[in-house]
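# Chains, contacts and geometry: an overview
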Protein chains: 2
Amino acid sequence: MTHTPGPRFTPLAQSLPATVPFVGPETQERARGRPFAARLGANESAFGPSPRAVAAMAEAATGAWMYGDPESHDLRAALAAHHRVGMENVIVGEGIDGLLGYLVRLLVAPGDTVVTSAGAYPTFNYHVAGFGGTLHAVPYRDDHEDPQALLDMARAVDAKAIYLANPDNPMGSWHAAGVITDMIDALPPGCLLLLDEAYIELAPDGTAPEIAPDDPRVIRLRTFSKARGLAGARVGYGIAAPGLISAFGKVRNHFGMSRVSQAAALAALQDSDHLAKVVAKTAAARTRIAEIGAAHGLRALPSATNFVTLDCGGDGARAKAILEALIARDIFVRMPFVAPQDRCIRISCGTPEMLDLLAERLPDALAAATKP
Amino acid sequence: MTHTPGPRFTPLAQSLPATVPFVGPETQERARGRPFAARLGANESAFGPSPRAVAAMAEAATGAWMYGDPESHDLRAALAAHHRVGMENVIVGEGIDGLLGYLVRLLVAPGDTVVTSAGAYPTFNYHVAGFGGTLHAVPYRDDHEDPQALLDMARAVDAKAIYLANPDNPMGSWHAAGVITDMIDALPPGCLLLLDEAYIELAPDGTAPEIAPDDPRVIRLRTFSKARGLAGARVGYGIAAPGLISAFGKVRNHFGMSRVSQAAALAALQDSDHLAKVVAKTAAARTRIAEIGAAHGLRALPSATNFVTLDCGGDGARAKAILEALIARDIFVRMPFVAPQDRCIRISCGTPEMLDLLAERLPDALAAATKP
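Residues numbered from 1 in each chain as written. Chains lettered and ligands numbered in written order. Predicted model: local features only at pLDDT ≥ 70, side-chain atom pairs only at ≥ 80, totals over all residues. Heavy atoms only, no water.

What counts is decided by this rule: UniProt positions are given in the numbering used here, feature names are shortened, and annotations may be inferred rather than shown by experiment.
The name an unreviewed UniProt entry gives chain A is Putative histidinol aminotransferase, with Dinoroseobacter shibae as the organism. Looking at the Sequence similarities (unreviewed entry) heading of the UniProt record, one finds this comment for chain A: "Belongs to the class-II pyridoxal-phosphate-dependent aminotransferase family." Per its UniProt entry, chain A bears the Cofactor (unreviewed entry) comment "pyridoxal 5'-phosphate".

Here it is in structure tokens:
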């Protein structure tokens, strides 16, 4: 029998592991053979999207035979007005994940360096590996990303970009706006700050810095997946100087946006009442999660996001045992990957009903996790 | 004033032009200052998606706060059953455009060669340029893509892949299944056939070849954008050997699929009645477009797709003048980019009402286009 060779992958593609940034809850449900009772692991907004967004999707569905506008013109115009920037400052893409992929592709050739925090958003790391970049990670400091350490490392390795999430995932911590503006001013020349503000609508006033829209040193990344409740629609956007925004046009999937999702995002953006309700419900859920944790000796870290990170008071093994005991009790949660943050578990802000289930099942999970 | 440098793009990114594979109809509408009366240029299905898909989208909208399943498990399972292959043979992605991007990324490093036909799908060329590949294009033969010429060129330049659409866009022509299987058997070792079957549901029986699902020499690409009427949902899929399918997991945007679109595609796949109706309506529209053309001396090329390519009987300048005259009369159509195919215009299968408008306005457009 003759040998039939397969495709000739690039050396880079051959070198990549078949990793997945996150295992989805559905995958876990299939492996477990039953659904989760409370979906509290992916920092989705259990309070749902705006009813106006739901209506917009239903209305757009009949028109789904048409490709979406590859410029996302109407959505970008609305975002530009919302943020008081020009349309030339706004790029819309398939979630922040998609935009991060394009950004890394534009900036990182094999061997180029970028900087992040050890245990920060793994999808950024996935893209860096995927384009052959070299990732340098600095530790968190007191459960916060450490701007000075990031800057020092960027200078030391001549990094093309720094990734920083403010507020941070998975710790929920945040820096005041002034810390971020100081960081931008201290960036080494030619080092772009990728400022992931996925959770910013849920953070205290004074967290989002003023950034001149033409500032070439930073791109802010926003999403409809968190406070806007549209994770499943896949709409993220970036705000940056026109030169960077237009560069996306060289590599992006121009017809990659769902027309239905464009309509959903536009409607969601216009529903500030719904956003205010979600912010309030999220704050209440944060308090409730902290109370549930405190009742059982798990300390809640302060959070500016739609999740609460609970310090389990031990090492990674203890937190993992608690996580697995919760999952065994049909409560989907996640946890940080890296020590010492991996002493914690991370619980998304569910509805009161979901948090009732958490309160009911956590004691038993803790007991199971502490069995000798 | 100190110099503030912008981001340091990769040399490849710097070298790329800010091109767009296609200008969308919405962009043209904004430039014109008024909407098109008949949208007949993007080979969308004017007959719309399945009512079951529309209902599925409306139902999924309330759950859009949840990320889509990154494995697209249920959709892949249904596709696997539909095509009598294993789930490990199926990849779902953000349209064929998205899958082509991933494929080129997996295969093409700077300097690597691929082969296509001169004037075939430009989004493939866009991705090849975007990853630094070298594209070799061979001419069409009698308005058909030329398998032997593609094979000869692939052998001559040691190509990693050949792109072939069957049926073809923009000419509407097609090869019988046996031609494709012969082509697969004649592929040089290590050259992957990217078989774009976007229009296959609209082609005569005997156009889609039997391909063993584990054949490592070919990937077939399918979509919900054409006969299934879901261009705006962005759902494409590939069928190939497991080794190639799993390689997508190294580079794809794992959470890139809209949950609403996954639901739409699953419902659409199950509505074979709707598909049959669309196939019949499309065939009727092809006949009608051919009649409209013939009444004014424009010869219709045979089509196995949801569009008809009309030979305008002159050179590219004449076809372009007719195209522009139609656009000026609010009829959105497109045309091939490359001679001698650019003697034609390409008209999508619209509803009877849309084609009434075409019939009404074509004579005047032709008169305007032939003015001295």
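Okay, back to it.
### Overview of helix α7 (residues 147–157) of chain A
All names here are of chain A. Just so we agree on the cut-off: Note on classification: 1.4 Å probe, protein chains only; a residue is buried when its accessible area is under 20% of the maximum for its type, exposed when over 50%, partly exposed between these limits. Each helix corresponds to a stretch of at least 4 residues labelled H or I by DSSP, and each strand to a stretch of at least 2 residues labelled E; elements are numbered beginning at the N terminus. Comment: arc refers to directions from the helix axis out to C-beta atoms. In what follows, a contact means two residues having at least one pair of non-hydrogen atoms within 4.5 Å.
Of the residues making up α7, those classed as buried are Pro 147, Leu 150, Leu 151, Ala 154 and Val 157. The buried residues of α7 occupy an angular sector of 145° when the element is viewed end-on, so they sit on one face. Considering only its buried residues, α7 is in contact with β3 (113–117), β4 (134–138), β5 (161–165) and α8 (177–185). One or two steps after α7, the chain reaches Asp 158, where phi turns positive at roughly 55°.

### Observations concerning the interface of chain B and chain A
Selection rule: When two parts are put together, the accessible area they lose, computed with a 1.4 Å probe and summed over both, is reported as buried area. For salt bridges, the criterion is a side-chain nitrogen of Lys or Arg within 4 Å of an Asp or Glu carboxyl oxygen. Within 3.5 Å is the distance limit for a polar contact, defined as a pair of N or O atoms, with the added protein rule that one can donate a hydrogen and the other accept it, and that residues adjacent in sequence qualify only through two side-chain atoms. Side-chain classes are defined by residue name, with Ala, Val, Leu, Ile, Met, Phe, Trp, Tyr, Cys and Pro counting as nonpolar, Asp, Glu, Lys and Arg as charged, and the others, Gly among them, as polar.
Taken together, the contacts link 85 residues of chain B with 85 residues of chain A. Between chain B and chain A the total buried area reaches about 7,000 Å² when both faces are included, carbon and sulfur atoms providing 60% of it. In terms of surface lost to chain A, no three residues of chain B exceed Arg 8, Trp 65 and Tyr 67 of chain B, which account for 13% of the buried area on that side. At the junction of chain B and chain A, the tally comes to eight salt bridges. Close ionic contact of Asp 69 of chain A with Arg 30 of chain B constitutes a salt bridge, the shortest N to O distance being 3.0 Å. Counting the contacts that link chain B with chain A gives 52 residue pairs in polar contact (both at pLDDT 80 or more). Secondary-structure elements contributing two or more residues to the side of chain B that touches chain A are α1 (11–15), α2 (25–32), α3 (51–61), α5 (95–107), α6 (122–130), α9 (242–247) and α10 (259–269) of chain B. Per-element accounting of the side of chain B that touches chain A gives the leading share, five residues, to α5 of chain B. Each residue belonging to the side of chain B that touches chain A can be placed in one class, and the counts come to 42 nonpolar, 25 polar and 18 charged.

### Points about the sheet that holds strand β3 (residues 113–117) of chain B
Residue and element names in this part refer to chain B. Inclusion rule: Strand pairing follows a simple DSSP-based rule, namely that at least 2 bridges must link the two strands. Fitting a line to C-alpha atoms yields each axis, with helices limited to the stretch in contact; the angle taken between N-to-C directions then spans 0 to 180 degrees.
Taking strand neighbours across the sheet as the criterion, the seven strands line up as β2-β8-β7-β6-β5-β3-β4 in an open arrangement whose pairing is mixed. Sheet topology places β2 (90–93) and β4 (134–138) at the edges, where each strand pairs with a single neighbour. Averaged over all neighbouring strand pairs, the angle between strand axes comes to 20°, with direction disregarded. Across the sheet, helix α4 (residues 73–83) is in contact with β2, β7 (218–223) and β8 (236–239); its angle to β2 comes to roughly 130°.

### Comments concerning the domain arrangement of chain A
Residues and elements named next belong to chain A. Stated formally: How far each domain reaches was decided by an automatic or database domain assignment.
Split by domain assignment, chain A resolves into domain 1 (22–48 + 273–369) and domain 2 (51–270). The C-alpha-based centres of domain 1 and domain 2 are spaced at 25 Å. The interface is formed by 27 residues belonging to domain 1 together with 26 residues belonging to domain 2. Summed over both sides, the interface of domain 1 with domain 2 buries roughly 2,000 Å², with 64% coming from carbon and sulfur. Contact with domain 2 buries area across many residues of domain 1, yet Leu 275, Ala 304 and Gln 341 alone supply 27% of it, more than any other trio. Taken together, the connections running from domain 1 to domain 2 amount to one salt bridge. Measuring nitrogen to oxygen at the nearest pair gives 2.6 Å for the salt bridge that ties Asp 143 to Arg 343. Counting every contact that joins domain 1 to domain 2 gives ten residue pairs in polar contact (both at pLDDT 80 or more). Within the residue set of the side of domain 1 that touches domain 2, elements represented by two or more residues are α11 (272–294), β10 (307–311) and β12 (344–348). Sort the elements by how many residues they give to the side of domain 1 that touches domain 2 and α11 lands first, with six residues.

### Focus on the pairing of β4 of chain A
Residues and elements named next belong to chain A. Condition: For the handedness criterion, the strands are oriented away from the viewer, and a crossover whose path from the first strand over the helix to the second runs clockwise is classed as right-handed.
Here five bridges tie β3 to β4, and the two strands are oriented parallel to one another. Opposite Thr 113, over in β4, you have Thr 134 as the bridge partner. Once the chain exits β3 it traverses helix α6 (residues 122–130) before rejoining the sheet at β4, and the crossover so formed is right-handed.

### Examining the relation of the copies chain B and chain A
Defined as follows: Superposing the copies works by least squares over the C-alpha atoms of residues that have pLDDT at least 70 in both of them.
Overlaying chain B on chain A yields an RMSD of 0.0 Å, the required transformation being a rotation through 180° with an accompanying axial translation of 0.0 Å. Given the turn and translation reported, the copies of this chain are related as if by a two-fold rotation axis. Proximity to the rotation axis, assessed at the C-alpha, singles out Ala 58 of chain B in chain B; its C-alpha lies 2.2 Å from the axis. Mapped onto chain A, 100% of the interface residues of chain B again fall at the interface, so both copies present the same surface.

### Here we look at α6 of chain B
The element α6 of chain B is largely enclosed, with a buried count of seven among its nine residues. Where α6 of chain B is concerned, the buried positions are Pro 122, Thr 123, Phe 124, Tyr 126, His 127, Val 128 and Gly 130 of chain B.

### Side note on the pattern of salt bridges
The full count for this structure, using the stated rule, is 44 salt bridges over all chains. Ionic pairing is found between Asp 112 of chain A and Lys 160 of chain A, a salt bridge with its closest N-O pair at 2.8 Å. Pair noted here: Asp 112 of chain A is in the loop between α5 (95–107) and β3 and Lys 160 of chain A is in the loop between α7 and β5, with a separation of 48 residues, a long-range link. For Lys 160 of chain A, a relative accessible area of 9% gives the class buried. A salt bridge links Arg 361 of chain B to Glu 360 of chain B; its shortest N-O distance comes to 3.9 Å. The class for Arg 361 of chain B is partly exposed, based on a relative accessible area of 22%. Classification of Glu 360 of chain B by relative accessible area gives exposed; the value is 55%.

### Quick word on the sheet that holds β5 of chain A
Consider a sheet: its strands pair through backbone hydrogen bonds, and that pairing is either parallel or antiparallel. Residue and element names in this part refer to chain A. Read from one edge of the open sheet, seven strands run β2-β8-β7-β6-β5-β3-β4, paired in mixed fashion. Edge strands, defined here as strands with exactly one partner in the open sheet, are β2 (90–93) and β4. With strand direction ignored, the average angle separating the axes of adjacent strands in the sheet is 20°. Sheet topology note: the β2/strand β8 (residues 236–239) ladder contains four bridges and is antiparallel. When the bridges of β8 are listed, Val 92 appears paired with Tyr 237. Of the strands in this sheet, β2, β5, β6 (192–196), β7 (218–223) and β8 touch α5, which is tilted by about 155° from β7. Packing of α6 onto the sheet brings it into contact with β3, β4, β5 and β6, and relative to β3 it is tilted by some 165°.

### Some thoughts on the packing of aromatic side chains
To describe a pair of aromatic rings, you give the distance between the ring centres and the angle between the ring planes. All names here are of chain A. Worth spelling out the cut-off: To pair, rings of Phe, Tyr and Trp, with the six-membered ring standing in for Trp, must have centres within 6.5 Å; the planes then decide the type, stacked if under 30 degrees apart, edge-to-face if over 60, and tilted in the middle.
Under the counting rule described, the total for this entry stands at 13 aromatic pairs over all chains. Between Phe 22 and Tyr 121 the ring centres are 5.9 Å apart and the planes differ by 40°, which places this aromatic pair in the tilted class. Taken together, the residues span a long stretch of sequence, with Phe 22 in the loop between α1 (11–15) and α2 (25–32) and Tyr 121 in the loop between β3 and α6 at a distance of 99 residues. Since its relative accessible area comes to 12%, Phe 22 is described here as buried.

### A closer look at the environment of Ala 227 of chain B
All names here are of chain B. Take Ala 227: it is sitting in the loop between β7 and β8. Through-space distance from the C-alpha of Ala 227 to that of Val 333 is 18 Å; in sequence the pair is 106 residues apart. The residues contacting Ala 227, other than those within four sequence positions of it, are Ser 45, Glu 201, Leu 202, Leu 275 and Val 278.

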